[in-house]
Amino acid sequence: MSIPKECKRLIEVDFPIAAVSAHSAREKSIRHGHPSTLHLWWARRPLAACRSVLLGLLLPDPCDKHCPADFKKKARELLEKRYNESTKTDELLREILLKFIGEFANWDHAANAMYLEVGRGLVKAAHPDETPVVVDPFSGGGSIPLEALRLGCEAFASDLNPVACLILKTLLEDIPRYGNAEFKLKDDKGKEIIVQGLADALRHVGKQVKQAAEKELAQYYPPDPDGAKPIAYLWARTVRCEAVGCGAEIPLLRSFWLCNKAGRKRALRYAVERPKNGEPFVRFEIFTPKTDKDIPAGTVHKADATCPCCNVVLPAARVRSQLVVQRGGADVQFDAKGNRIGGSTLLGVVTQREETSGKTFRLPAASDYKAVFSAQKVVAKMPKSDLPDEQINPIRPSPNARGLSAPTRYGIETFGDLFTARQKLLLRGFADASESADSLLREVLSLAFGKLANASTSLCRWDSSRDNIQGIFSKQAVQVVWDFCEGNPLSSATGGFLSAVEWVAAVSENWLSSESAQVQCADACRSPLPDKSINVWFTDPPYYDSIPYADLSDFFYVWLKRILPKHPLLTLRFDPTTKLTPKIEECVWNQSYIVDGKPKDGAFFEHAMARAFAEGRRVMSDDGISCVVFAHKTTEGWESLLTGMFRAGWMITASWPITTEMANRTVARDTAALAGSVHLVCRPRDLNAGVGDWSEVKTAMEKRIREWLPTLTKHGVRGADAIFSCLGPALESYSKFEKVLTQADREVPLGGDPEASEPQERGFLAYVFETLSKEALRQVLGDAQTEGYEEDARLTALFLWTLQTTKTNGNGKKAAEVTGDGEDEGDEEKPAKAVGGLSMPFDTFIRLTRPMGIHYPDLQGRIIEIDKGIVQLLPVHERMEQLLGERANRKDAEFNIQDFRQGELFSKQATKSDAPKLASKTQTKSGNQKDPNELTTLDRIHRSMLLFSLGRSTLLRQVLEDEMQKNKRFERLALSLNALYPEGSDERRMLEGVQAAMRGVK
Ligand SMILES: C[S@@+](CC[C@H](N)C(=O)[O-])C[C@H]1O[C@@H](n2cnc3c(N)ncnc32)[C@H](O)[C@@H]1O
Ligand SMILES: [Zn+2]
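Enquirer: I would appreciate a short explanation of the overall build of the chain in the present structure.
Expert: A count of helices and strands for the chain gives 32 helices and 32 strands. Within the chain, buried positions represent 62% of all 1002 residues. Sequence-distant contacts in the chain: of pairs separated by 6 or more residues, those separated by 24 or more amount to 73%. Here the chain displays about 40,200 Å² of accessible surface, and carbon together with sulfur accounts for 49% of that area.

Enquirer: Mind showing me how you'd approach the coordination of the zinc ion (ligand 2) here?
Expert: Where a metal carries four tetrahedral donors, each ideal angle is 109.5 degrees; where it carries six octahedral donors, the ideal angles are 90 or 180 degrees. Those protein atoms acting as donors to the zinc ion (ligand 2) are Cys241 (SG), Cys246 (SG), Cys307 (SG) and Cys310 (SG), and they sit at 2.2 to 2.3 Å. Coordination at the zinc ion (ligand 2) is tetrahedral: its four donor atoms span angles of 104 to 113° at the metal. Mapping the donors of the zinc ion (ligand 2) onto the primary sequence gives the spacing C-x4-C-x60-C-x2-C. Its relative accessible area of 0% is what places cysteine 307 among the buried residues. Given a relative accessible area of 28%, cysteine 310 falls into the partly exposed group.

Enquirer: Whenever I open this one, the sheet that holds strand β25 (residues 620-631) confuses me. Can you help?
Expert: Sheet strands line up and pair through hydrogen bonds in the backbone, either parallel or antiparallel. Within the open sheet, the seven strands sit side by side as β21-β2-β1-β22-β25-β27-β26. Their pairing is mixed. A single partner strand is all that each edge strand has here, and the edge strands are β21 (518-521) and β26 (650-658). When the angles between neighbouring strand axes are averaged without regard to direction, this sheet yields 20°. Bridge analysis of β25 against strand β27 (residues 677-684) gives six bridges, and the strand direction is antiparallel. Residue alanine 631 lies in a different strand from β27, and its bridge partner there is serine 677.

Enquirer: Please clarify how the confidence of the model for the chain should be interpreted in this entry.
Expert: Detailed reading of the predicted coordinates is not advisable wherever pLDDT falls low. Looking at the chain, the pLDDT average stands at 88 and 90% of residues meet or exceed 70. In the model, residues 809-836 has pLDDT below 50 throughout and makes 86 contacts with residues more than four positions away in sequence or in other chains. The model gives residues 903-929 a pLDDT under 50, and that stretch makes 56 contacts with residues more than four places away or in other chains.

Enquirer: I keep staring at the site of ligand 1 and nothing clicks. Help me out?
Expert: Lining the immediate environment of ligand 1, one finds 25 residues, of which Arg45, Gly141, Ser143, Asp159 and Asp540 sit closest. At 2.8 Å from a nitrogen atom of ligand 1 is found a main-chain nitrogen or oxygen belonging to alanine 524. Within the backbone of cysteine 587, an N or O atom sits 2.9 Å from a nitrogen atom of ligand 1. Residues belonging to the shell around ligand 1 are distributed by class as follows: eleven nonpolar, six polar and eight charged.

Enquirer: What is the right way to read the side chain of threonine 742 from this model?
Expert: Note on placement: threonine 742 falls in the loop between β29 (739-741) and α21 (759-762). Note on threonine 742: relative accessible area 11%, which makes it buried.

Enquirer: Just checking my understanding: could you explain the environment of glycine 649 for this structure?
Expert: As for its position among the elements, glycine 649 is in the loop between α17 (638-647) and β26. In this structure glycine 649 comes out as buried when scored by relative accessible area, which is 11%. With sequence-adjacent residues up to four places away left out, glycine 649 is seen in contact with Arg617, Arg683, Pro684 and Arg685.

Enquirer: Looking at this structure, I do not really get the side chain of serine 139. What am I missing?
Expert: Position of serine 139 among the secondary structure elements: in the loop between β1 (133-136) and α6 (143-150). Given the relative accessible area of 5%, serine 139 is considered buried. Once you skip the residues sitting within four places of it in the chain, serine 139 turns out to touch Pro145, Ala157, Ser158, Asp159 and Leu168.

Enquirer: Where do I start with helix α2 (residues 47-58) in this structure?
Expert: Since the α-helix packs 3.6 residues into each turn, any two residues three or four apart lie on the same face. Spanning twelve residues, α2 covers 16 Å between terminal C-alpha atoms, matching the ideal 16 Å at 1.5 Å per step. Counting buried positions along α2 gives twelve out of twelve residues, so the element sits mostly inside the fold. Within the span of α2, buried status applies to Leu47, Ala48, Ala49, Cys50, Arg51, Ser52, Val53, Leu54, Leu55, Gly56, Leu57 and Leu58.

Enquirer: Would you mind showing me how to read the nonpolar core here?
Expert: Core analysis: the largest hydrophobic core is formed by 269 residues, its most contacted members being Phe430 and Phe473. If you look at the next biggest cluster of nonpolar residues, it comprises 42 residues, including Ile250, Val282, Ala305 and Val480.

Enquirer: Just checking my understanding: could you explain the pattern of salt bridges for this structure?
Expert: Pairing between side chains becomes possible if they bear opposite charge and their charged atoms approach one another. Scanning all chains against the criterion turns up 62 salt bridges. Here lysine 5 and aspartate 686 are joined by a salt bridge, their closest N and O atoms 3.0 Å apart. Highlighted residues: lysine 5 in the segment before α1 (17-27) and aspartate 686 in the loop between β27 and β28 (691-693), separated in sequence by 681 residues. Aspartate 90 is paired through a salt bridge with arginine 76; the nearest N and O atoms lie 3.3 Å apart. With aspartate 90 in helix α4 (residues 90-104) and arginine 76 in helix α3 (residues 69-80), this pair connects stretches of sequence that are 14 residues apart. Residue classification places aspartate 90 among the partly exposed positions, given a relative accessible area of 23%. Here the residues in one salt-bridge network are Lys698, Glu702, Arg706, Glu775 and Arg778, joined through shared partners.

Enquirer: Explain the packing of aromatic side chains here, please?
Expert: Evaluation of the coordinates by the stated rule reveals 37 aromatic pairs. Seen in terms of ring centroids, phenylalanine 256 and tyrosine 270 are 5.7 Å apart; in terms of plane orientation they differ by 35°. Their pairing is tilted. On the criterion of sequence distance, the pair formed by phenylalanine 256 in the loop between β7 (249-251) and β8 (257-259) and tyrosine 270 in strand β9 (residues 266-273) is long-range, its members being 14 residues apart. With a relative accessible area of 28%, tyrosine 270 lands in the partly exposed category. Ring pairs connect the aromatic residues Trp41, Trp42, Phe419, Phe449, Phe473, Tyr549, Phe555, Phe556 and Trp559, which therefore count as one cluster. Geometry around phenylalanine 104 places arginine 51 over its ring, the cationic atom sitting 5.3 Å from the centre. Above the ring of tyrosine 233, the side-chain terminus of arginine 422 is found at 4.1 Å from the ring centroid.

Enquirer: Looking at this model, I keep getting lost on the pairing of strand β23 (residues 590-595). Mind explaining?
Expert: Here β23 pairs with strand β24 (residues 598-600) via three bridges, running antiparallel. Counterpart to isoleucine 594 in the pairing with β24 is proline 599.

Enquirer: So what exactly am I meant to see when it comes to helix α22 (residues 764-781) here?
Expert: With 18 residues, α22 should reach 26 Å at 1.5 Å per residue; the first-to-last C-alpha distance of 26 Å fits that figure. Most of α22 sits out of view: 15 of its 18 residues are buried. Just beyond α22, the residue with positive phi is glycine 782, at close to 75°.

Enquirer: Please explain unusual backbone geometry as it appears in this structure.
Expert: One can expect most non-glycine residues to show negative phi and most peptide bonds to be in trans. Phi is positive for alanine 43, close to 55°, though the residue is something other than glycine. Unlike most non-glycine residues, asparagine 311 shows phi in positive territory, near 65°. Inspection of the secondary structure assignment puts asparagine 311 in the loop between β12 (304-306) and β13 (313-314).

Enquirer: How should the packing of helix α12 (residues 439-454) against helix α14 (residues 549-563) be read in this particular structure?
Expert: The description of two packed helices rests on the angle between their axes and on the distance between the axes. Relative orientation of the contacting elements α12 and α14 amounts to 140°, with a least axis distance of 10 Å. Put simply, α12 runs oblique to α14. Considering how the two elements wind past one another, α12 and α14 form a crossing that is right-handed. Contact residues: α12 offers Arg442, Ser446, Phe449, Gly450, Ala453 and Asn454, while α14 offers Phe555, Phe556, Trp559, Leu560 and Ile563. A class-by-class count of the residues in the contact of α12 with α14 yields seven nonpolar, three polar and one charged.

Enquirer: Hey, could you run me through the packing of helix α10 (residues 366-381) against helix α11 (residues 421-433) in this one?
Expert: At a minimum axis distance of 8 Å, the contact between α10 and α11 shows a crossing angle of 60°. Read as a crossing pair, α10 and α11 show a hand that is left-handed. In contact with Ala371, Val372, Ala375, Gln376, Val378 and Val379 of α10, α11 contributes Ala421, Arg422 and Leu425.

Enquirer: What am I meant to see in the sheet that holds β8 here?
Expert: Taken in spatial order, the three strands make up an open sheet running β8-β9-β10, and their pairing is antiparallel. With one partner strand each, in any of the chains shown, β8 and β10 (281-287) form the two edges of the open sheet. Between one strand axis and the next, the sheet turns by 30° as a mean value, whatever way the strands run. Pairing of β8 with β9, which is carried by two bridges, proceeds in the antiparallel orientation. The residue bridging tryptophan 257 from the neighbouring strand is alanine 267, located in β9.

Reading the values: the criteria
- Residues numbered from 1 in each chain as written.
- Chains lettered and ligands numbered in written order.
- Predicted model: local features only at pLDDT ≥ 70, side-chain atom pairs only at ≥ 80, totals over all residues.
- Heavy atoms only, no water.
- Helix = DSSP H or I, 4+ residues; strand = E, 2+ residues; numbered from the N terminus.
- Buried < 20%, exposed > 50% of the residue type's maximum accessible area, 1.4 Å probe, protein only.
- Contact = heavy atoms within 4.5 Å.
- Areas by Shrake-Rupley, 256 points an atom, 1.4 Å probe, with all protein chains shown as cover.
- Donors = N, O, S within 2.8 Å, 3.2 Å for Na, K, Ca; no water.
- Tetrahedral: all angles 85-135°; square planar, octahedral: opposite > 155°, others 65-115°.
- Pairing = 2+ DSSP bridges.
- Axes fitted to C-alpha atoms, helices over the stretch in contact; angles between N-to-C directions.
- pLDDT = per-residue confidence, 0-100.
- Near = heavy atom within 4 Å.
- Polar contact = N/O pair within 3.5 Å; in protein donor to acceptor, adjacent residues only side chain to side chain.
- Nonpolar A, V, L, I, M, F, W, Y, C, P; charged D, E, K, R; others polar.
- Expected span 1.5 Å × (residues − 1).
- Core = buried A, V, L, I, M, F, W, Y, C linked by side-chain atoms within 4.5 Å.
- Salt bridge = Lys/Arg side-chain N within 4 Å of Asp/Glu carboxyl O.
- Phe/Tyr/Trp six-rings, centres within 6.5 Å; stacked < 30°, edge-to-face > 60°.
- Lys NZ or Arg CZ within 6 Å of the ring centre and 35° of its normal.
- Parallel < 35°, antiparallel > 145°, perpendicular 65-115°, else oblique.
- Left-handed = near helix turned anticlockwise from the far one by under 90°.

As structure tokens, then:
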């Protein structure tokens, strides 16, 4: 018997978010053989998160009275394979199930036979009659359907984008089907041979493709006379100095470093030559720098170029115009005889000998230019359509995303302009050489070709600290690179073709699912699936304007369509007006495309998402379950997405934030708690769900939060994670009804104007945040209402509480910094920019503080600073002058207790310039206006913290004696704050000092 509709699924009652977050973060540093390294796709979801969420969605809660007994029996048997602990009671069984989910999230366990047996066994035990069908209509790189296959489900994966679809097909159809197949191939002599498994077949054919390409191309990468082979050429674009009487060529260099590795430091420097007849020029030299100071400063800074011969600055606009004329300036300009007369200049060549792995740097030789000249001549004769002549979209997609538009400002207008002539020849050569491969292998090899293209553009850099090439997409934004690196993909170095093939082969070897998924190119707003046909709808849609997938993917598409001209996934035409990937249907904010006469903006995105949600609801069976991943950079935008889901007939039942940043990274600790992704769990709402009564809905919501928040805290789920974990349960009470009406029959919307007073205007979410803030404060300050803390204390406590991160059970190994070959995840969930100190987005700040009656403008400049949508909690050190007067900064400043004892009126005693700046009007709980100069409890705690840090221990002791005689508030607030200031922060250290001093006073 399958799980009854009434039975809660595990994820609706609990989820091991700390363990799953830690494994998700760690997974980012795993490379070789990880499915994400098959081909670049942006904003890939960690497999750890997908696997565990799927299990939570598929398994019933054993504590639910509707949970099938048979499931519990089988689950107990299965879990015995791993755990000795008792699962006797349903509560214990639930606990162990959650523990298993947390452990199985570990990448090291993903292919472990025991974990697979238990994981799949549990799914089977929960769905004994039919295999669950998992659908992801925004599949991208395929993390969700891949994990569905791993757990023994049927998976249906679709995406609008043909490049994504090709990745999906390889990962979810080809590798499972042919991973272990026998391939009949030819050896180098043309004799038939049998090769076992897709990975080895790829290696075999990859080698042959490389050999064939090498035959044609080797002449363009001539070896040195001593046999060393060039592995990379380091170029600089050039402009002409326009200073009167100069006219020198300025090579544009960001840095003169060649190798910045300890023990092997190499760099360039130059001398200026001033011939009698002609312009001055620079002559380069390679040397071993002793200190950083030996290295010349770059010639280009923020797009302004400085002439190395006369030091005059050529402004950015002129640099740009000169490069526009050169179509970006990546190619060398030659005269008819092959003499260089302009364009890019070769700075140096990195060479390697076959026998050694060490790299050598040398200056350019005539043969280097000769090879480029020959390549240019061949390319000039190629049919135009052989090379990508499609235009790059020059319009910036949105204020938050640049897509590929930046290089177009420098004359790089077509995709072909992204490559030097030799790079074009090379890529075309590999494309031709792969033609002889059988169609399946050719299709899979095209992904290796994508890696090759990524590392073979004139926007690739030489990474002097790692001695390797960075791909065009190794950073989020594609920018013009002044001094670029052209690799030699015939070599075995990174960026080489065989290393690209090896990455693909390794994925194929590691991912051995015997079942394949169904992959289709489809618009999520028009699902090809029939009504009520699926069990799980789990998807991770784009988020507003974060990533213009289609624009970016065109980089690969323009080559793929030439390599696989008849491929069904690449020839499907959604939009006949473009020769590129479909843009109109794409669910993103991209103002460069017009739909119904209007640029695609936030409203378009919301509307498209609502249509996709409605399709999800249509294809979902009545007893199915769903999960939608949303970024939660800010709470803005949430209202409309949730409203879209609600209107489409979904009921939200749970929400789990999963952070993918390591909590021990500074930026993560200070800001990232608010940057992650929330998994919203939902169910199809009954068609006859009826109307809810507002006061009952509100009471139910409050009760749910009041019960849930302390449970989360007990599990170590804290701060913003706790807020987002409460949203789902809070929304359940509202979204289970078709609509919610007040007594006067006014409909209460989900979102609204949080400042309004009536529910029908204010909207449900405002009440949720109000309840959350109140509960959070009650947790951290005791009953804030009766204690009567001033608003600065309440704000500080709430702020610090929100920034707390979930405890990761000590599992937070530091993730290695990864750049690899450009496969970095493009995060849709980058942490808000750290401003220094502790910060959070204004939008979240306001939602939390407003319901608490906190009037933030009065506190600006005192305890918070607001800039560019980010609110910063001022470090206590920065309050020195405010609280102790200007003289506090003077070494010889003398304070004595009398200054402090004159009431709180320190400033009245002080000279004008010494007056603490406490200009705000602080409102007491009773509404009385306080003297603006009177210090609040928080001020007095901060003042003591400052005295501690100034080493004024006697004075601190006297002040504390006074404080502790007055009332308990000082002591209690100090205690609460001590638990809230981040570990390792200055504030925590100072406050601990104050508390130690307080113990001395007692
Ligand atoms: C956040 S990504 C999915 C990433 C994926 N979960 C992964 O782990 O690789 C969102 C995907 O939605 C796709 N997309 C955008 N609009 C779409 C539409 N109308 N129909 C289907 N897919 C669409 C994009 O091409 C992109 O691959
Ligand atoms: Zn000059």
